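The primary structure of each chain is shown beneath.
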Amino acid sequence: MSVSMRDLDPAFQGAGQKAGIEVWRIENFSPTPIPKSSIGKFFTGDSYIVLKTTALKTGALRHDIHYWLGKDTSQDEAGTAAVKTVELDAALGGRAVQYREVQAHETEKFLSYFKPCIIPQEGGVASGFKHVEAEEHITRLFVCRGKHVVHVKEVPFARSSLNHDDIYILDTKSKIFQFNGSNSSIQERAKALEVVQYIKDTYHDGTCEVATVEDGRLMADAESGEFWGFFGGFAPLPRKTANDEDKTYTSDITQLFCVEKGQANPVEGDSLKREMLDTSKCYILDCGLEVFVWMGRTTSLDDRKVASGAAEEMIRSSERPKSQMIRIIEGFETVTFRSKFDTWTQETNTTVSEDGRGRVAALLQRQGVNVRGLMKAAPPKEEPQAFIDCTGNLQVWRVNGQEKILLQAADHSKFYSGDCYVFQYSYPGEEKEEVLIGTWFGKQSVEEERASAVSMASKMVETMKFVPAQARIYEGKEPLQFFVIMQSFIVFKGGISSGYKKYIAEKEVDDDTYNENGLALFRIQGSGPENMQAIQVDPVASSLNSSYCYILHNDSSVFTWIGNLATSTDQELVERQLDLIKPNLQTRAQKEGSESEQFWELLGGKSEYRSQKLTKEPESDPHLFSCSFTKDILKVTEIYNFTQDDLMTEDIFIVDCHSEIFVWVGQEVAPKNKLLALTIGEKFIEKDSLLEKLSPEAPIYVIMEGGEPSFFTRFFTSWDSSKSAMHGNSFQRKLRIVKNGGTPVAEKPKRRTPASYSGRASVPDKSQQRTRSMSFSPERVRVRGRSPAFNALAATFESQNARNLSTPPPVVRKLYPRSVTPDSSKLAPKSSAISSRSALFEQRLKTPPQEPSVSKPPKASPKTPESPAMESNSKGKEEKKENENEEEKSMSSRIGSLTIQEDAKEGVEDEEDLPAHPYERLKTTSSDPVSDIDVTRREAYLSSEEFKEKFGMTKEAFYKLPKWKQNKFKMAVQLF
């Protein structure tokens, strides 16, 4: 499309350069910018152009242009708005979607920009109207319609305007009434209350009273009597009569027209196909309520204006005031438009589009216009965050047929590709302990065990009163939250479940289940010790990738292979994974390009392999959908520019961010529908409402209202957890908020912190949180920095019979702290931690082990008078309790004393005499590496002179630093 400066209105210079809303009003046939303070105010006699600019995750800007026509606007102004909208699109590079908006029939997307509503005012520029605040309040009656966004229309202040189907707002001088028609839904009533709050704040300075009137209460209610008094008393309401505005134009036939020389000519064809659209022409697709104007990429600006005029005339001549006109550019078609075609092959040529955008930018730049926002912005470089605390307690079960087997802590993160697993993770949330229950399906697992895993997980969630979040995860599609929970995750080939063994026996295929003494190759990946994986791959050269590190072993030798594109973090992770996979054999390091013959022999010889890093499904900008699921049919409606207030407690909603699907279930949803939440998520993926080719193995989360984790609430600009702590349905909750001045009223007491589900007493205070151990062993593993004396002390208070096998091993500090990890400087003293732990162990020795359960707050019982005998028993119990407390204090003081001594020994242990080795031999990339050393403390083997040279301080000073500072310092210098 050729562009010249005469085609671009000066008012549009610099438009659309940053995210937000910009509005122009048509004055004297020219667009005039509206100040920010007036955005959202519309006059019935005017026409407006609204530009919505959205910043995408990719760094690009998306533009949606709407031109709004007031009911009293002139034909000339409406035509000017339509033409100027095309010009604005050209100024933005010719890629925006353009919408025609008619007063009282606006699209939901347009209304979502101005939540909760728009209330157009009478008058306009052409009539010389100047808005002046009225000195005397005028009583007005509004009708409200809409479940997700509200269409507000002023109607005559008369009883005849009321009916049983709609909701009405009566705005009087001292009180605002909301009249709820008996046939209106709870959700519509709740949304209308947002309009009440808007009117209260806008026209009454937030000071007037609010009352609700239920249709059918007659005069029994005082507020009902007051409401009907404004209408001269109560009288039965007539049935709603259909008028012209209520009629909806429908057409079963979708007709395609080609616009040539201003005429719309029908295009013949049995069905719609993408090939019918010519890039050098403009077309009109008439779908009844929606009329699309498709503009080929090479069409001129004049061609586009003519096509838009033809579509306007088509709507006007057929008397369809409610029909919406949507103009789209080739390559940027909306999902709704593409869905009208039987076959559609997306042929978006972003390079051509960017070139055209660049030409427009260059043209404007020569005229002295700032065009920074017109060019595609560089994608923001953000490190992915898990948004989940990694210090919680984990239980894992392997599915074996129709039963599940609890795994010991040493095997929590060791999965087989042929098996299915159920996991339960409890962790400290922002206000209470949160629980995530999920299933993991290996690529080689059988369908029967997958179904069993889902059934088991669903029953666990149901028994816990639907409080936990639930996840369905497939191998190879794991989200970051899962990896952070598992921390050191290993996937072995094959399986050990009965279902997998039965499958390979029936198929008569070889069993390739991992054998620690056999040949195996592992790809190492991750971002740090709290997120690292070892994935077993085929032991052939083609499995290698220059962007990763690998571990190769057989029964007698171990090799590490470092790709040329691997980072220092990757090399660090290899050392850590070696401790888990093959800890007792000498390692031979192989650098890409200088491998030994034996290495290639184990892989069966050299071959071609990849060099690019494996990519996962990217996370796109989130979309929110409301769902209804009846008779196995899923219907969804997208909610634009969503906020927390769009989530209604009676409904089920889905947040789609492409790489993950979140199903949110309100508290008031029927229990039978709650059980269908996972099925609804699967149906949504099949439906693929956004035509984005969703993977059927994409992770699905089921989130219950009141238990929203941080990795869900991050999709909302703000989140108030007190809103879900309120009783009642959506309308009742919103009413209390409105009457309380816009502040949520929490009516539940704060939920008690439930007992830990992994056998621990409770989740520690955030100031005491530490990362779970990343070193696993069937026996108690010694944590670095702790002496055998300390471990022996802890073992004294542990009963192997009473200890839950799922209890995670001792904790170590993370080398790569993140936002979810507390500052180590704030960690509580060890004495208090051990004191509480010893008391827990003594309690366990006295009581038999019990099944994990959610603790319930004790019920208060009324006090009754006590007899003298009862008082005597009570005093005896109190004395006994005091003696026990004294014993516990004595025990705690002894442990605390030992702990202080233990703390003093930590530094000594790190400074023990170790043989000194040259720096070059201590590096991970050394051709002649030193053997028989602690690979996690390479710096300790440096001579005093080399240590001071590399670290800038003496060994003695270094080891006097806290552990977390030592680790942070080592990561900063990255010597090895």
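All residue numbers refer to position in the chain's written sequence, counted from 1. Note on the predicted model: pLDDT of at least 70 is required for a residue's local features to be given, and 80 or more for side-chain atom pairs to be given and counted; whole-chain, interface and lining totals, by contrast, use all residues. Only heavy atoms go into the side-chain values, all of them from the structure, while hydrogens and water stay out.

The name an unreviewed UniProt entry assigns to the protein is HP domain-containing protein, from the organism Brassica oleracea var. oleracea. Quoted verbatim from the Sequence similarities (unreviewed entry) heading of the UniProt record, the comment on the protein is "Belongs to the villin/gelsolin family." UniProt positions are given in the numbering used here, feature names are shortened, and annotations may be inferred rather than shown by experiment. Turning to the protein, the UniProt annotation filed under Subcellular location (unreviewed entry) states: "Cytoplasm, Cytoskeleton".

1. Let's talk about the overall build of the protein
A run of DSSP states H or I qualifies as a helix once it reaches four residues; a run of E qualifies as a strand once it reaches two. Both are numbered from the N-terminal end. Along the backbone of the protein there are 23 helices and 32 strands. For every residue, the accessible area (1.4 Å probe, protein chains only) is compared with the maximum for its type, and the residue is labelled buried under 20%, exposed over 50%, or partly exposed between those bounds. Burial analysis of the protein (976 residues in total) assigns 51% to the buried set. Working rule for contacts: check all heavy atoms of both residues, and any pair within 4.5 Å makes them a contact. When contacts within the protein are restricted to residue pairs at least 6 apart in sequence, long-range pairs at least 24 apart make up 69% of them. Per-residue and other accessible areas follow the Shrake-Rupley method at a 1.4 Å probe size, with only the shown protein chains counted as cover for residues. Surface exposure of the protein reaches about 47400 Å², of which carbon and sulfur atoms provide 49%.

2. Description of the nonpolar core
Buried residues of nine kinds, namely Ala, Val, Leu, Ile, Met, Phe, Trp, Tyr and Cys, make up a nonpolar core once their side-chain atoms join them within 4.5 Å. Counting 61 residues, the largest nonpolar core has Phe482, Phe522 and Phe662 as its most contacted members. The dominant element in this core, judged by the number of residues it contributes, is helix H9 (residues 480–486), at 6 residues. Lining this core are residues from two domains, each supplying at least three of them: domain 4 (393–602) and domain 5 (623–740). Core analysis: the next-biggest nonpolar cluster, separate from the first, contains 37 residues, Val435, Phe629, Val636 and Phe684 among them. Residue ranges for the domains trace back to a domain assignment, done automatically or taken from a database.

3. Quick notes on the sheet that holds strand E32 (residues 700–704)
Two strands are counted as paired when DSSP detects at least two bridges linking them. The 10 strands are arranged E17-E16-E19-E20-E21-E32-E31-E30-E28-E29 in an open sheet whose pairing can be described as mixed. Both edges of this open sheet fall to strand E17 (403–406) and strand E29 (633–639), since each of them pairs with a single strand only. Adjacent strand axes in the sheet meet at a mean angle of 25 degrees, parallel and antiparallel pairs treated alike. Simply put, an axis is a line fit to the C-alpha atoms, just over the touching stretch for a helix, and the angle between two N-to-C directions goes from 0 to 180 degrees. In this fold helix H8 (residues 447–463) packs onto strand E16 (393–400), E17, strand E19 (420–428), strand E20 (433–441) and strand E21 (469–474), with an angle of close to 170 degrees to the strand it touches most, E20.

4. As for the confidence of the model for the protein
Predictor confidence is given residue by residue as pLDDT, running from a minimum of 0 to a maximum of 100. Per-residue confidence for the protein gives a mean pLDDT of 80, with 75% of residues at or over 70. Contacts from residues 375–380, a stretch scored under 50 in pLDDT, to residues over four places away or in other chains number 15 contacts.

5. Brief notes about the pairing of strand E10 (residues 209–214)
With respect to burial, E10 is a largely interior element, 5 of its 6 residues being buried. Pairing between strand E9 (residues 175–180) and E10: 6 bridges, direction parallel. Among the inter-strand pairings, Lys175 is bridged to a residue of E10, identified as Glu209. In this region the chain leaves E9, passes through helix H3 (residues 186–203) and returns to the parallel neighbour E10; the handedness of that crossover is right-handed. When the strands point away from the viewer, a crossover counts as right-handed if the path from the first strand over the helix to the second runs clockwise.

6. Structural notes on the packing of H3 against helix H16 (residues 730–739)
At a minimum axis distance of 8 Å, the contact between H3 and H16 shows a crossing angle of 15 degrees. Between H3 and H16, the crossing angle belongs to the class labelled roughly parallel. Helix-helix and strand crossings are classified by hand; for H3 and H16 the assignment is left-handed. Contacts between H3 and H16 involve Ile186, Arg189, Ala190, Leu193, Glu194, Val196, Gln197 and Lys200 from the first element and Ser730, Phe731, Lys734, Leu735 and Val738 from the second. Each angle receives one of four descriptions, namely roughly parallel if under 35 degrees, roughly antiparallel if over 145, roughly perpendicular if within 65 to 115, and oblique otherwise. Working rule for handedness: look at the near helix, and if it is turned counterclockwise from the far one by less than a right angle, call the crossing left-handed; if clockwise, right-handed.

7. Examining helix H14 (residues 677–687)
Considered for burial, the residues of H14 that qualify are Ala677, Leu678, Ile680, Gly681, Phe684 and Ile685. The buried side chains of H14 occupy one side of the element, clustering within an arc of 160 degrees when seen end-on. A positive phi of about 50 degrees marks Asp688, the residue just after H14. Within this analysis, the arc is defined by the directions that extend from the helix axis to the C-beta atoms.

8. Here we look at unusual backbone geometry
The residue after Lys115, namely Pro116, is reached through a cis peptide bond having omega 10 degrees. Residue position: Pro116 is located in the loop between helix H2 (108–112) and strand E6 (140–145). We note that Asp688 has phi near 50 degrees; this positive angle belongs to a residue other than glycine. Of note, Asp688 is situated in the loop between H14 and E32.

9. Looking at the pairing of strand E31 (residues 661–665)
The buried fraction of E31 amounts to 5 of the 5 residues, a majority that puts the element mostly inside the structure. Pairing of strand E30 (residues 652–656) with E31, which is carried by 5 bridges, proceeds in the antiparallel orientation. Paired with Asp656 across the bridge in E31 is Ile661. Hairpin geometry of E30 and E31 is characterised by an intervening segment of 4 residues between the two adjacent antiparallel strands and by a positive phi of about 75 degrees at His658. Relative to E32, E31 is paired through 5 bridges, and the arrangement is parallel. Considered in E32, the bridge of Val665 is made with Met704.

10. Concerning the sheet that holds strand E25 (residues 549–553)
Reading across the sheet, the 7 strands line up as E18-E22-E24-E23-E25-E26-E27 and stay open at both edges, with mixed pairing between neighbours. In this open sheet, the two strands that pair with only one neighbour each are strand E18 (414–416) and strand E27 (587–591). Adjacent strand axes in the sheet meet at a mean angle of 20 degrees, parallel and antiparallel pairs treated alike. Lying over the sheet, helix H11 (residues 568–581) contacts E18, strand E22 (488–492), strand E23 (520–528), strand E24 (531–537), E25, strand E26 (558–562) and E27, oriented at roughly 125 degrees with respect to E23.

11. Regarding the pattern of salt bridges
Once the charged atoms of two side chains with opposite charge are near each other, the side chains can pair. Between Lys or Arg on one side and Asp or Glu on the other, a salt bridge is scored when a side-chain nitrogen of the former is within 4 Å of a carboxyl oxygen of the latter. Within this structure, the stated rule accounts for 39 salt bridges. Among the ionic pairs, Lys71 bridges to Asp72, the shortest N-O distance being 3.1 Å. The partly exposed category is assigned to Asp72, whose relative accessible area is 45%. Connected via shared salt-bridge partners are Lys115, Lys191, Glu194, Asp645, Asp646, Lys723 and Lys734.

12. A few points about helix H1 (residues 75–91)
For H1, spanning 17 residues, the distance from its first C-alpha to its last is 25 Å, which sits close to the expected 24 Å at 1.5 Å a residue. Counted residue by residue, H1 has 13 buried out of 17 residues, so it is predominantly covered. Gly93 occupies a position one or two residues after H1 and carries a positive phi of about 100 degrees. Here the expected span of a helix is defined as 1.5 Å times the quantity of residues minus one.

13. Let's talk about the side chain of Gln324
Relative to the elements of secondary structure, Gln324 occurs in strand E15 (residues 324–329). Owing to a relative accessible area of 18%, Gln324 belongs among the buried residues under this scheme. For Gln324, the contacting residues outside a window of four places in its chain are His105, Glu106, Thr107, Leu289, Glu290 and Val291.

14. Details of the environment of Val86
Positionally, Val86 belongs in helix H1. Separated by 216 residues in the primary sequence, Val86 and Asp302 have C-alpha atoms spaced 9.4 Å apart. Once you skip the residues sitting within four places of it in the chain, Val86 turns out to touch Gln98, Leu301, Arg304, Lys305, Ser308 and Arg327.

15. Some thoughts on the packing of aromatic side chains
Stacked, edge-to-face and tilted are the three classes for Phe, Tyr and Trp ring pairs, Trp counted by its six-membered ring, which pair at centre distances within 6.5 Å; planes under 30 degrees apart are stacked, over 60 edge-to-face, the rest tilted. Tallying each qualifying case throughout the model produces 58 aromatic pairs. Between the aromatic rings of Phe179 and Trp228, the centroid separation amounts to 5.8 Å while the plane-to-plane angle is 80 degrees, which identifies the pairing as edge-to-face. With Phe179 in strand E9 and Trp228 in helix H4 (residues 222–229), the pair connects residues that are 49 residues apart, well separated along the chain. When the ring of Phe662 is compared with that of Tyr701, the centres are 4.8 Å apart and the planes differ by 10 degrees; the resulting orientation is stacked. Placement of the pair is Phe662 in strand E31 and Tyr701 in strand E32, with a sequence separation of 39 residues. Given the relative accessible area of 1%, Tyr701 is considered buried.

16. Brief notes about the packing of H1 against helix H5 (residues 301–317)
Two numbers describe how H1 lies on H5: the axes approach to 10 Å, and their chain directions differ by 140 degrees. Here H1 lies oblique to H5, going by the angle between them. In this structure, H1 meets H5 at a crossing whose hand is right-handed. Within the contact between the two elements, H1 uses Gln75, Ala82, Val83, Val86, Glu87, Asp89 and Ala90 and H5 uses Leu301, Arg304, Lys305, Ser308, Glu312 and Arg316.

17. With respect to the environment of Gly296
Looking at the secondary structure, you find Gly296 in the loop between strand E14 (290–295) and H5. Residue classification places Gly296 among the buried residues on the basis of a relative accessible area of 0%. Residues Gly296 and Cys282 lie 14 residues apart in sequence; the distance between their C-alpha atoms is 5.8 Å.

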